[in-house]
Amino acid sequence: MKNLLELAAICEAELRSIGIQPAAQIRWTVNTRAIRRWGCCKKSGPDAYEISISSRLLQDDVDIQAVKDTIMHELLHTVKGTKGHTGLWLKLAAQVNQRLPQYHIQRTASYEEKGIEPVQARYLLRCTHCGRDFSRQKMSNLVRAPQNYRCGACGHPLERIK
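On a predicted model such as this, the values are computed, not experimentally measured, just so you know. Within every chain, residues take consecutive numbers counted from 1 along the sequence as written. It should be noted that, the model being predicted, local features are given only for residues of pLDDT at least 70 and side-chain atom pairs only at 80 or more, the latter also being counted only at that level, while totals for whole chains, interfaces and linings use all residues. Note that water and hydrogens are dropped before the side-chain values are worked out from all heavy atoms of the structure.

Further remarks concern the overall build of the protein chain. Within the protein chain, the secondary structure is distributed over five helices and six strands. Listing each helix as α and each strand as β along the protein chain from the N terminus yields α-β-β-β-α-α-α-β-β-α-β. The dimensions of the protein chain, computed from C-alpha atoms along their principal axes, are 55 × 35 × 30 Å. Exposed residues in this analysis have more than 50% of their type's maximum accessible area, buried residues have under 20%, and partly exposed residues fall in between, with area computed by a 1.4 Å probe over protein chains only. The proportion of buried residues among the 162 residues of the protein chain is 43%. Residues count as neighbours in contact if any of their non-hydrogen atoms are within 4.5 Å of one another. Counting only contacts in the protein chain whose residues sit at least 6 apart along the sequence, the fraction spanning at least 24 positions is 52%. Element-wise, carbon and sulfur atoms account for 49% of the exposed surface of the protein chain, whose accessible area totals about 9,500 Å². Of the charged side chains in the protein chain, 25 are positive and 15 negative; the average position of the first set lies 10 Å away from that of the second. Here a strand is any run of E in DSSP of at least two residues, a helix any run of H or I of at least four, and the numbering for each starts at the N terminus. Areas reported here follow the Shrake-Rupley algorithm with a probe of radius 1.4 Å; residue values treat only the protein chains shown as occluding. Note that His is not counted, nor are the chain ends; the positive residues are Lys and Arg, and the negative ones are Asp and Glu. Every charge is mapped to an atom, namely NZ of Lys, CZ of Arg, CG of Asp or CD of Glu.

Written out as structure tokens, the structure reads:
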């Protein structure tokens, strides 16, 4: 398993080398429960953040650059004024991609881009009209009673397939 703290220190140094200053106080954690997200950044104080990285990314068979891309993505969220994935965050991501060409910072990344085998969904729902699929890992009201919900694309009813 890769060392998260070592990789985070490398990414922070590279970010500072191009003049971008992440928060001074960052607590790093490994998330063993994350299935569909690679990382998460939460504000925990005035200039303090907690960043969690999915344990799936830290496995030995995953390319190190895939991990560093996610770490860098989350570090950009700690820069003042970078809420969400628009505005300043988007400009900084473009700056990182240009000045540090080994990085490919984007809003989201697929399993294929990370080189990881996708997790099969426990539950599958489908629109009765357009056929759009909705996958879920956890039991929810949508899974229990799909007839009470409508497709976001066409407005028709959903049915549970799996």
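For the pair helix 2 (residues 64–76) and helix 3 (residues 87–99), the least separation of the axes is 10 Å and the interaxial angle reads 140°. As judged from the angle between their axes, helix 2 and helix 3 are oblique. Crossing hand, helix 2 versus helix 3: right-handed. Touching M72, H73 and L76 of helix 2 are W89, L92, A93 and V96, all from helix 3. In this classification, the charged set is Asp, Glu, Lys and Arg, the nonpolar set is Ala, Val, Leu, Ile, Met, Phe, Trp, Tyr, Cys and Pro, and all remaining amino acids, among them Gly, are polar. Tallied by class, residues from the contact of helix 2 with helix 3 come to six nonpolar, one polar and no charged. Between N-to-C directions, angles span 0 to 180 degrees; the directions come from axes that are lines fitted to C-alpha atoms, helices contributing only their stretch in contact. In these notes the angle categories are as follows: under 35 degrees is roughly parallel, over 145 is roughly antiparallel, 65 to 115 is roughly perpendicular, and the rest is oblique. By the definition used in this description, the sense in which the near helix is turned from the far one sets the handedness, with an anticlockwise turn below a right angle giving left-handed and a clockwise turn giving right-handed.

This part takes up the packing of helix 1 (residues 4–17) against helix 2. Two elements in contact, helix 1 and helix 2, have axes whose closest approach is 9 Å; the angle formed by their N-to-C orientations is 60°. Judged by the angle between their axes, helix 1 and helix 2 are oblique. Two packed elements cross with a definite hand, and for helix 1 against helix 2 that hand is right-handed. Across the interface between the two elements, L4, L7, A8, I10, C11, E12, E14 and L15 from helix 1 touch I64, V67, K68, I71, M72, L75 and L76 from helix 2. Class assignment for the residues of the contact of helix 1 with helix 2 results in 12 nonpolar, no polar and three charged.

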